[in-house]
Amino acid sequence: MNDFDNVTPIRSDPALLKPKAKELLAAATWAGNFEPSLNRNYLVKGWLDKGTLTVVFGQSNVGKSFFALDLAHHISKGETWGNRRVNKGNVLYIAAEGGSSFPNRVSALDDPEFWVIAVPVTFAGKASDAVSMVEMVQHLASQTGRFDLIVVDTLSRVMGDGDENTAPDIADLVRNLDVLRRGTGSNIMLIHHSGKDVARGARGHSSLRAAVDTEIELTRDDIGVITAEVTKQRDGPTGYKFSYSLQQIELGCDQDGDPVTTCLVEPISAGETDGAQVNGPALAALNALEVLLDERGEILRDPRYPGTPCVNHKEWMEACIAGGQLSSSEKRETHRRIFNREVENLKKRGLVSIRDNRVWRLNPVD
């Protein structure tokens, strides 16, 4: 006896089907009827789509909230961000970790046009506020229009009694965020921290990464340049980068006459990155790459990759070693080690992208 012996024989009359079977029948589509979906319902093209779940993560003090505020500000105004197209949308920022400095960060923006909630909120466990938040957002939307982005800052502050290191609690968090996402139609952007081992990605249980549609990692180099990189994109290419610094500005003076300051995101242009920050072996490697791209670069017609010429990563390394531009050493291993080190620097600065043993030349705002 097998599992199918207790299944009711197939009925040819749909009216005889049980309600759930009717629902499934209505959802069945002949594969040959599908056509490609060419347009993406995006907020920031290549970075954020509407109605999806996003996580932005990085180490402490890398400026995650400043990054999220900058994105929220540009989306709420419909202004180009990082040389990428933006669709204007209503934004709600849940500042669960903002503290007393958060109003200063918002007031530094040029005429901000989004909503802020700066009270404790929980999106995990029996005390979850997800349903109440949906009700509130829907009420607000009835007066202002639907919301397209809801920032949740940070994951640790909305876990309630949950443990971000356990699969069941992360699953519960994701379920509640899905309630918020489906109930509002918004992209839910979750701000999170890196783990102790930065190479392993976001802190906590790995099931979070599997659940999100978009993952953006923030890193800072030793000269203060912060790079945001799309490290996961469901049904889309990864590798988009945005490089910037945090510019300190003065808001005024306190009661003792001392200046009160905060920071704003200051994008770094291609010229600044190429000239002021890249020199020595890194510049030699970059120049060798550009020669190779001119001579034998090919464009891979695949949506996972940038639509620009690329070359084999090993060919690039061999060209650098053969040219003797990286070091005066006669040891091949020394050249190889310097090449690998400088490639990592170029990647962090958003000047190259490497995937599947192929390398692309990028601008830091691509």
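Rules used in this analysis
Residues numbered from 1 in each chain as written. Predicted model: local features only at pLDDT ≥ 70, side-chain atom pairs only at ≥ 80, totals over all residues. Heavy atoms only, no water. Axes fitted to C-alpha atoms, helices over the stretch in contact; angles between N-to-C directions. Helix = DSSP H or I, 4+ residues; strand = E, 2+ residues; numbered from the N terminus. Parallel < 35°, antiparallel > 145°, perpendicular 65-115°, else oblique. Contact = heavy atoms within 4.5 Å. Nonpolar A, V, L, I, M, F, W, Y, C, P; charged D, E, K, R; others polar. Buried < 20%, exposed > 50% of the residue type's maximum accessible area, 1.4 Å probe, protein only. Pairing = 2+ DSSP bridges. Phe/Tyr/Trp six-rings, centres within 6.5 Å; stacked < 30°, edge-to-face > 60°. Domains from an automatic or database assignment. Buried area = accessible area lost by both parts, 1.4 Å probe. Salt bridge = Lys/Arg side-chain N within 4 Å of Asp/Glu carboxyl O. Polar contact = N/O pair within 3.5 Å; in protein donor to acceptor, adjacent residues only side chain to side chain. 1 Å grid on protein atoms, 1.4 Å probe; cavity = no way out; pocket = protein on both sides within 12 Å on 5 of 7 lines; lining within 4 Å. Points joined across faces, edges and corners; volume = space filled by probe spheres on them.

Caption draft 1: Molecular detail of the packing of helix 9 (residues 280-296) against helix 11 (residues 332-348). Two numbers describe how helix 9 lies on helix 11: the axes approach to 9 Å, and their chain directions differ by 85°. Between helix 9 and helix 11, the interaxial angle falls into the category roughly perpendicular. Contact with helix 9, carried on its side by Pro281, Ala282, Ala285 and Leu286, involves Ile338, Arg341, Glu342 and Leu346 of helix 11 and no other residues of that element. Across the contact of helix 9 with helix 11, the residue classes break down as six nonpolar, no polar and two charged.

Caption draft 2: Structural detail: the pairing of strand 7 (residues 187-193). When you tally the buried positions in strand 7, you get seven out of seven residues, the bulk of the element. Burial of the side chains of strand 7 extends over both faces: Asn187, Met189, Ile191 and His193 are buried on one face and Ile188, Leu190 and His192 on the other. Looking at chain direction, strand 3 (residues 53-58) and strand 7 are connected through six bridges and run parallel. When the sheet's bridge partners are listed, Gly58 is paired in strand 7 with His193. Across five bridges, strand 6 (residues 147-153) lies against strand 7 in parallel orientation. Bridged to Val151 within strand 7 is Met189.

Caption draft 3: The arrangement of the packing of aromatic side chains in detail. In this structure the tally under the stated criterion is eight aromatic pairs. Aromatic pair Phe67 and Tyr244: ring centres 6.1 Å apart, planes at 25°, arrangement stacked. On the criterion of sequence distance, the pair formed by Phe67 in helix 2 (residues 64-77) and Tyr244 in strand 10 (residues 241-253) is long-range, its members being 177 residues apart. Tyr244 carries the same exposure label as Phe67, and that label is buried. Relative to Tyr244, the ring of Phe242 has its centre 5.4 Å away and its plane inclined at 25°; by these criteria the two rings are stacked. For the pair shown, Phe242 and Tyr244 are each scored as buried. Taken together, the ring pairs connect Trp47, Phe67, Trp81, Phe242 and Tyr244 into an aromatic cluster.

Caption draft 4: Structural context of the domain arrangement of the protein. Taken domain by domain, the protein holds domain 1 (42-267) and domain 2 (280-361). For domain 1 and domain 2, the distance between their C-alpha centres works out to 33 Å. With eight residues of domain 1 at the contact, the number on the domain 2 side is ten residues. Both sides of the domain 1 and domain 2 interface together cover about 660 Å² of buried area, and 43% of this is carbon and sulfur. On the domain 1 side of the interface with domain 2, the three residues burying the most area are Pro237, Thr238 and Lys241, jointly 51% of the side's total. Applying the counting rule to domain 1 against domain 2 returns zero salt bridges. Linking domain 1 with domain 2 are two residue pairs in polar contact (both at pLDDT 80 or more), by the criterion used here.

Caption draft 5: Spatial organisation of the layout of surface pockets. Taken as a whole, the largest pocket encloses approximately 440 Å³ of empty space. Considering the residues around the largest pocket, the lining is formed by 18 residues, among which Arg40, Lys45, Gly46, Pro237 and Tyr240 are closest to the centre. Along the lines of polarity and charge, the residues of the lining of the largest pocket split into six nonpolar, five polar and seven charged.

Caption draft 6: How the structure looks around the sheet that holds strand 13 (residues 352-355). Read across the open sheet, the three strands follow the order 12-14-13; overall the sheet is antiparallel. Edge positions in the sheet fall to strand 12 (310-312) and strand 13, since each has one partner strand and no second. Across the sheet, the axes of successive neighbouring strands diverge by a mean angle of 25°, strand direction being ignored. Contacts from helix 10 (residues 313-323) reach strand 12, strand 13 and strand 14 (358-361) within the one sheet, and its direction differs from that of strand 12 by about 75°.

Caption draft 7: Local environment of the sheet that holds strand 11 (residues 259-267). Reading across from one edge, 5-4-6-7-3-8-9-10-11 is the order of the nine strands in this open sheet, with mixed pairing throughout. Strands with a single pairing partner mark the edges of an open sheet, and in this sheet they are strand 5 (115-117) and strand 11. Here the strands of the sheet are splayed against their neighbours by 25° on average, with no regard to which way each runs. Across nine bridges, strand 10 lies against strand 11 in antiparallel orientation. Each bridged residue has a counterpart across the sheet, and for Glu250 the counterpart in strand 11 is Thr261. Sheet strands touched by helix 2: strand 3, strand 4 (90-95), strand 6, strand 7, strand 8 (214-220), strand 9 (226-233), strand 10 and strand 11. Its angle to strand 4, the strand with the most contacts, is close to 160°.

Caption draft 8: Structural context of the environment of His74. Note on placement: His74 falls in helix 2. For the pair His74 and Asn87, spaced 13 residues apart in sequence, the C-alpha separation works out to 9.3 Å. Contact partners of His74, with chain neighbours within four places excluded, come to Glu79, Thr80, Trp81 and Val86.

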